[in-house]
Amino acid sequence: MRNRIIVIGAIVLIGFWFGARANRPVIKTSKSETARRIWNDPHARRGRKKLGKKIAKAAHRRH
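Now for a look at the structure at hand. Only a predicted model underlies this, so the values are computations on that prediction, with no experimental measurement involved.

1. A closer look at the pattern of salt bridges
Reasoning step 1: Counted under the stated rule, the structure contains 2 salt bridges.
Reasoning step 2: The salt bridge involving Glu33 is made with Arg36; its shortest N-O contact spans 3.1 Å. Highlighted residues: Glu33 and Arg36, both in helix α2 (residues 31–39), separated by 3 residues, approximately one helical turn.
Reasoning step 3: When the shortest N-O distance is used, the salt bridge between Arg37 and Glu33 registers 3.8 Å. Here Glu33 and Arg37 lie together in helix α2, a separation of 4 residues that amounts to about one turn.
Reasoning step 4: On the accessibility criterion, Glu33 (28% relative accessible area) is partly exposed.
Reasoning step 5: A single salt-bridge network, built from bridges that share partners, covers Glu33, Arg36 and Arg37.

Next up, the structure:
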């Protein structure tokens, strides 16, 4: 009886897991598209600008 409950519980758990993942859209994008999206991200753009200023400041201090 206990084994039967464990098997039914496992089946329910697997069914719930597949059901929870079923509504997620699968979007296949190329690596170049992903890289372009990351590069054009406003947050990343600001980060690169900030990093460039920091590097320029450090280079200016060295000389």
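More follows now that the structure is in view.
2. Concerning helix α3 (residues 42–62)
Reasoning step 1: In a regular helix each residue adds 1.5 Å, so 21 residues correspond to 30 Å; α3 covers 30 Å between its end C-alpha atoms and thus fits that length.
Reasoning step 2: In terms of residue burial, α3 counts as a barely covered element, since only 0 of its 21 residues are buried.

3. Comments concerning the packing of aromatic side chains
Two aromatic rings are characterised by how far apart their centres lie and by the angle between their planes.
Reasoning step 1: Throughout the structure, instances matching the rule amount to 1 aromatic pair.
Reasoning step 2: Summarising the aromatic geometry, the rings of Trp17 and Phe18 are spaced 5.0 Å apart at their centres and angled 70° between planes, so their arrangement reads as edge-to-face.
Reasoning step 3: On the basis of relative accessibility, which here comes to 49%, the residue Trp17 falls in the partly exposed class.
Reasoning step 4: Seen from the ring of Trp39, Arg48 lies directly overhead, with NZ or CZ sitting 3.5 Å from the centre.

4. Quick look at helix α1 (residues 2–22)
Two residues of an α-helix separated by three or four positions point the same way, owing to the 3.6 residues in each turn.
Reasoning step 1: Here α1 spans 30 Å end to end across 21 residues, near enough to the 30 Å set by a 1.5 Å rise per residue.
Reasoning step 2: By the criterion of burial, α1 is predominantly exposed, with just 0 of the 21 residues buried.

Rules and cut-offs
- Residues numbered from 1 in each chain as written.
- Predicted model: local features only at pLDDT ≥ 70, side-chain atom pairs only at ≥ 80, totals over all residues.
- Heavy atoms only, no water.
- Salt bridge = Lys/Arg side-chain N within 4 Å of Asp/Glu carboxyl O.
- Helix = DSSP H or I, 4+ residues; strand = E, 2+ residues; numbered from the N terminus.
- Buried < 20%, exposed > 50% of the residue type's maximum accessible area, 1.4 Å probe, protein only.
- Expected span 1.5 Å × (residues − 1).
- Phe/Tyr/Trp six-rings, centres within 6.5 Å; stacked < 30°, edge-to-face > 60°.
- Lys NZ or Arg CZ within 6 Å of the ring centre and 35° of its normal.

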